[in-house]
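# Geometric and topological summary
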Amino acid sequence: MNKQAIWFIVNPISGGKKVHQSIVKLIDSQLDKQLYLPKICYTEYAGHATKIAEDAVKNDVSIVVAIGGDGTVNEVGKALIHTKTSLGIIPTGSGNGLARELGIPMNAAKAIESLNTPVSKIIDVCFANEVPFFCTSGIGFDAHCAEIFSKTKGRGMMNYVKVGFAEFWKYQPLECVFGSNNYEVFSITFGNASQFGNNAYITPTAVIDDGLIDCTIISPPTALQALPMIAQLFNGNIHSSELSENYRGIKFKVSAEKNLLIHYDGEPLQLATNELIISISEKSLRVII
């Protein structure tokens, strides 16, 4: 039987050094060496994971596994769009949105075991202007918090909650044009997948391979409205909130007076334009689940 080349791209920051040392040991002990020829690659700078994944495609590598959070997954995955190389994930991040959406185990040993009996799936890819994303992208409070969180030293869910709580009291609603209507919003989220990560279902009816983009607009909440809205977010019924408007389509446009700050798969990005166009490319990325 011909062995398949499989490359593991490790983000040494996500999860911490000890976590990744233990995962590399698990790969050595648990990965089926009768099936695979593994190679371990470590990222050294922002964007390095994309370059490594591009090299893997050039070398006809069958599977490239991202070991990290949603940022690392995005860096690796965008190099694999419209290729024959599949994306695998061993999640070690704060939210792990795509891994959760695909049902990939959060436990590293189990995630490696699933690679030994690989099941392939082809999913859609969405774009925020020209930037690909696999789970969610958007503007408003979530983008604002993503930017603040990216500048903090601590990672993990609790640190993100601290950022969100602190910024809620200071955040000013965003005035924008959605479609042809004027809005003052808390956030607008576009979902290829149903969640941000951590099972926070912001676009709960989104299906990652249906060729459609889901959109959730949240109006500015009061402090009293915020708590039940958070509960609805994690219960998967944010659409029932009185603050929520929901849409589904293949293309969306948002504009504002100033250049927009967005997030894509949890990563902040300051655009050099006041216009955001969300589009979709159907069945564009092979993943291992």
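Above: the structure in question.
What this report covers is the structure whose coordinates are included nearby. Here the structure is a predicted model, which means the values were calculated and not measured.

The next thing to look at is the pairing of strand β7 (residues 136–140). The element β7 is extensively covered by neighbouring structure, given that five of its five residues are classed as buried. What you see with β7 is no split at all: Thr136, Gly138 and Gly140 on one side and Ser137 and Ile139 on the other are buried throughout. Summarising the sheet, β7 and strand β10 (residues 187–191) pair through five bridges and their orientation is antiparallel. Counted as the bridge partner of Thr136 is Gly191 from β10.

Attention now goes to the nonpolar core. Of all hydrophobic cores here, the largest spans 47 residues; its most connected members are Phe8, Val76, Leu87, Ile90 and Leu98. Those residues in contact with Leu98 that lie beyond four places of it in its chain are Asp70, Val73, Leu87, Ile89, Ile123, Phe134, Cys135 and Ile208. Counting residues in each nonpolar core, the second largest holds 23 residues, with Val185, Ile188, Ile213 and Tyr264 among its members.

It is worth spelling out the environment of Ala143 at this point. As for its placement among the helices and strands, Ala143 is situated in helix α6 (residues 141–150). Sequence separation between Ala143 and Val19 is 124 residues; the distance between their C-alpha atoms is 28 Å. If we ignore the near neighbours within four places in the chain, the residues touching Ala143 are Gly138, Leu261, Ile262, His263 and Pro268.

Further remarks concern the layout of surface pockets. Taken as a whole, the second largest pocket encloses approximately 430 Å³ of empty space. Lining the second largest pocket are 19 residues; nearest its centre among them are Leu174, Glu175, Ala256, Lys258 and Leu260. Taken together, the elements giving at least two residues each to the lining of the second largest pocket come down to β7, α6, β8 (174–178) and β9 (181–185). Among the elements that take part in the lining of the second largest pocket, β8 stands out by supplying four residues, more than any other. Here the lining of the second largest pocket is built from residues that sort into ten nonpolar, five polar and four charged.

Looking now at empty space enclosed by the protein. The full count for this structure, using the stated rule, is one cavity of 30 Å³ or more. Secondary structure elements with two or more residues in the lining of the largest cavity: β4 (86–91) and α5 (108–115). If one sorts the elements of the lining of the largest cavity by residue count, α5 sits on top with three residues.

On to helix α3 (residues 70–77). Each α-helix winds once per 3.6 residues, and so residues spaced three or four apart point in a common direction. The buried fraction of α3 is high, at seven of eight residues. For α3, every residue scored as buried is listed here: Asp70, Thr72, Val73, Asn74, Glu75, Val76 and Gly77.

Note on sheets: strands pair through backbone hydrogen bonds, and any given pair is parallel or antiparallel. If you trace the six strands from one edge of the open sheet to the other, you get β12-β11-β10-β7-β14-β15, paired in antiparallel fashion. The open sheet terminates on both sides in strands that have one partner only, identified here as β12 (244–249) and β15 (267–270). Across the sheet, the mean angle separating the axes of adjacent strands is 20 degrees when strand polarity is ignored. Inspection of the sheet shows β10 paired to strand β11 (residues 213–218) by five bridges, in the antiparallel sense. Following the sheet pairing, Ser187 is matched in β11 by Ile218.

Bringing the packing of aromatic side chains into the picture now. Under the counting rule described, the total for this entry stands at nine aromatic pairs. On the numbers, 5.5 Å between centres and 75 degrees between planes, the contact of Phe141 with Tyr171 is edge-to-face. With Phe141 in helix α6 and Tyr171 in the loop between α7 (157–168) and β8, this pair connects stretches of sequence that are 30 residues apart. Assessed through its relative accessible area of 9%, Phe141 is described here as buried. Among the residues examined, Tyr171 registers a relative accessible area of 16% and is labelled buried. Within the aromatic cluster, the residues linked to one another by ring pairs are Phe141, Phe168, Trp169, Tyr171 and Phe186.

Let us look at helix α8 (residues 223–235). The terminal C-alpha atoms of α8, which comprises 13 residues, lie 19 Å apart, in line with the 18 Å expected from a rise of 1.5 Å per residue. Turning to α8, its buried residues number three or more, namely Ala226, Met229, Gln232 and Leu233. Looking down the long axis of α8, one finds its buried residues gathered within 125 degrees of arc, a one-sided arrangement. Along α8, exposed side chains directed more than 90 degrees from the buried face belong to Leu224, Leu227 and Asn235. One or two steps after α8, the chain reaches Gly236, where phi turns positive at roughly 80 degrees.

About the cut-offs
Residues numbered from 1 in each chain as written. Predicted model: local features only at pLDDT ≥ 70, side-chain atom pairs only at ≥ 80, totals over all residues. Heavy atoms only, no water. Buried < 20%, exposed > 50% of the residue type's maximum accessible area, 1.4 Å probe, protein only. Helix = DSSP H or I, 4+ residues; strand = E, 2+ residues; numbered from the N terminus. Pairing = 2+ DSSP bridges. Core = buried A, V, L, I, M, F, W, Y, C linked by side-chain atoms within 4.5 Å. Contact = heavy atoms within 4.5 Å. 1 Å grid on protein atoms, 1.4 Å probe; cavity = no way out; pocket = protein on both sides within 12 Å on 5 of 7 lines; lining within 4 Å. Points joined across faces, edges and corners; volume = space filled by probe spheres on them. Nonpolar A, V, L, I, M, F, W, Y, C, P; charged D, E, K, R; others polar. Axes fitted to C-alpha atoms, helices over the stretch in contact; angles between N-to-C directions. Phe/Tyr/Trp six-rings, centres within 6.5 Å; stacked < 30°, edge-to-face > 60°. Expected span 1.5 Å × (residues − 1). Arc of directions from axis to C-beta.

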